[in-house]
Amino acid sequence: MSDDWLTGPILEQLSSGVLVVDEEFQLVYLNTFLQRHSSVQLTEAKGKSLFKVFADLPEAWLRRKFASVLELQSPSFSSWEQRQYVIKLPHLRPVTSSSQYMAQNCTMLPLNDPSGRRHVCMLIEDATDAFVYQQHLQTTLQKLEQSNRVDGLTQALNRRYWEEQLKLEVQRAQRYQQPLSLLLFDLDKFKQLNDQYGHLGGDCVLIELTARVRGLLRDTDWFGRYGGEEFGIVLTNTALAGAMEVAERICLAVSSKAVTFNEHSIQSSISVGVAQLDAAGERAHEVLIGQADMALYNAKREGRNRVVSYSAGETEFQLKTN
Ligand SMILES: Nc1nc2c(ncn2[C@@H]2O[C@H](COP(=O)(O)OP(=O)(O)OP(=O)(O)O)[C@@H](O)[C@H]2O)c(=O)[nH]1
């Protein structure tokens, strides 16, 4: 007895695609799922070349796959992670996704008709849910990674990540013998500012200041929040003279324009310490931080709102005022 009564309705109802081709890659069968999603009708497509019916198939790849299934008489599989789709079909999800096509898992099976002629049956499973889920997961992981790197208030890099980058850049500069400089700066009399305008006023100054500073830097510089009101900038491929120029520009950008907070106009300034990498060895980045910190200390001591560079061997630090 024929099994058509059984297989017919199942193939009609199946929510996966079933496609069969003969040895010449001519279409023998398409189930309802595929006809509905591709708008190709079996009655019109039967006997035609698969690659003419579906013009945008990856022909060379699919021919190789089919040939190996026919020759080895064993199944082959392609997942959406390797190749997002084999047949370009629109997906019907009401979700936003970067792709409008159905992600597919494809299994290719050897199939012989009753007279022994060889065919290939391709089963196409809709994997769009998994694809969309993975995309969401990736976006979430990227956001998480980003939030692990930045300081929540100012969006400057946080201290841990910034120090990691400093260490890497110091190693790079040493290996390729390129100059590298470090700026450390600190808001002047910030405690007083907080006392006068409240913590929110202080926060507002920190946010505005970091935005101004960021606008003055190159993409290759690393700007991080080193402590409460202390920040660090790694200037790659920059010698001391260039770093001093950047520091002066930043110092001026802060002091030349007040920050508006509620009805207040808050005037602020920073002191900046600058040092160029000269130490060798594994702890060179720590030495560099120490040197920039000493220069910053001197900028504070000399009256604030200024840039001071560290110079090795000098007892008195070179002072530069705005
Ligand atoms: N609003 C605000 N204040 C902060 C934050 N982090 C640290 N501070 C404050 O910054 C102030 C730093 O004070 P000090 O270290 O005495 O330094 P200063 O008053 O700036 O004095 P000088 O550095 O010598 O000019 C403290 O009052 C901290 O509470 C922050 O995220 N937001």
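All of these numbers come straight from a predicted model, not from anything done at the bench.

Our focus in this paragraph is helix α10 (residues 284-301). Taking 1.5 Å of rise per residue, the 18 residues of α10 would be expected to cover 26 Å, and the 26 Å separating its terminal C-alpha atoms lies within 8% of that figure. Those residues of α10 that fall on the buried side of the exposure criterion are Ala284, His285, Leu288, Ile289, Gln291, Ala292, Ala295, Leu296, Asn298, Ala299 and Lys300. Taken together, the buried residues of α10 touch α7 (159-176), β6 (180-187), β8 (230-236), β11 (270-276) and β12 (306-309). Of the residues trailing α10, glycine 303 is marked for its positive phi of about 125°.

Let us now look at the pattern of salt bridges. Going through the model one piece at a time under the given rule, you end up with 15 salt bridges. Across the pair glutamate 145 and arginine 149 runs a salt bridge whose closest N-O atoms are separated by 3.1 Å. A residue pair is termed a helical-turn pair when its members lie 3 or 4 positions apart in one helix, as glutamate 145 and arginine 149 do in helix α6 (residues 128-149) at four residues. Its relative accessible area of 27% is what places arginine 149 among the partly exposed residues. Where arginine 212 meets glutamate 208, a salt bridge forms, and the shortest distance between an N and an O atom there is 2.8 Å.

Before going further, it helps to spend a moment on the site of the ligand. Near the ligand there are 17 residues, and of these Lys189, Phe190, Asn194, Asp203 and Arg225 occur at the shortest range. Histidine 199 places a polar main-chain atom, nitrogen or oxygen, 3.1 Å from a nitrogen atom of the ligand. Separating an oxygen atom of the ligand from a side-chain N or O atom of glutamate 229 is a distance of 3.3 Å. Coverage of the ligand by the protein amounts to 67% of the 670 Å² it exposes when considered alone. Of all the secondary-structure elements, those providing two or more residues to the shell around the ligand are β6 and α8 (190-214). With seven residues, the single largest contributor to the shell around the ligand is α8. Considering only residue class, the shell around the ligand consists of four nonpolar, four polar and nine charged.

With 95% of its residues at a pLDDT of 70 or more, the protein shows a mean pLDDT of 92. Under a pLDDT of 50 for its full length, residues 315-322 has, in the predicted model, 23 contacts with residues more than four places off or in other chains. Interface confidence for the predicted complex, given as ipTM, is 0.93, next to a pTM of 0.72.

What counts as what
Residues numbered from 1 in each chain as written. Predicted model: local features only at pLDDT ≥ 70, side-chain atom pairs only at ≥ 80, totals over all residues. Heavy atoms only, no water. Helix = DSSP H or I, 4+ residues; strand = E, 2+ residues; numbered from the N terminus. Expected span 1.5 Å × (residues − 1). Buried < 20%, exposed > 50% of the residue type's maximum accessible area, 1.4 Å probe, protein only. Contact = heavy atoms within 4.5 Å. Salt bridge = Lys/Arg side-chain N within 4 Å of Asp/Glu carboxyl O. Near = heavy atom within 4 Å. Polar contact = N/O pair within 3.5 Å; in protein donor to acceptor, adjacent residues only side chain to side chain. Areas by Shrake-Rupley, 256 points an atom, 1.4 Å probe, with all protein chains shown as cover. Nonpolar A, V, L, I, M, F, W, Y, C, P; charged D, E, K, R; others polar. pLDDT = per-residue confidence, 0-100.

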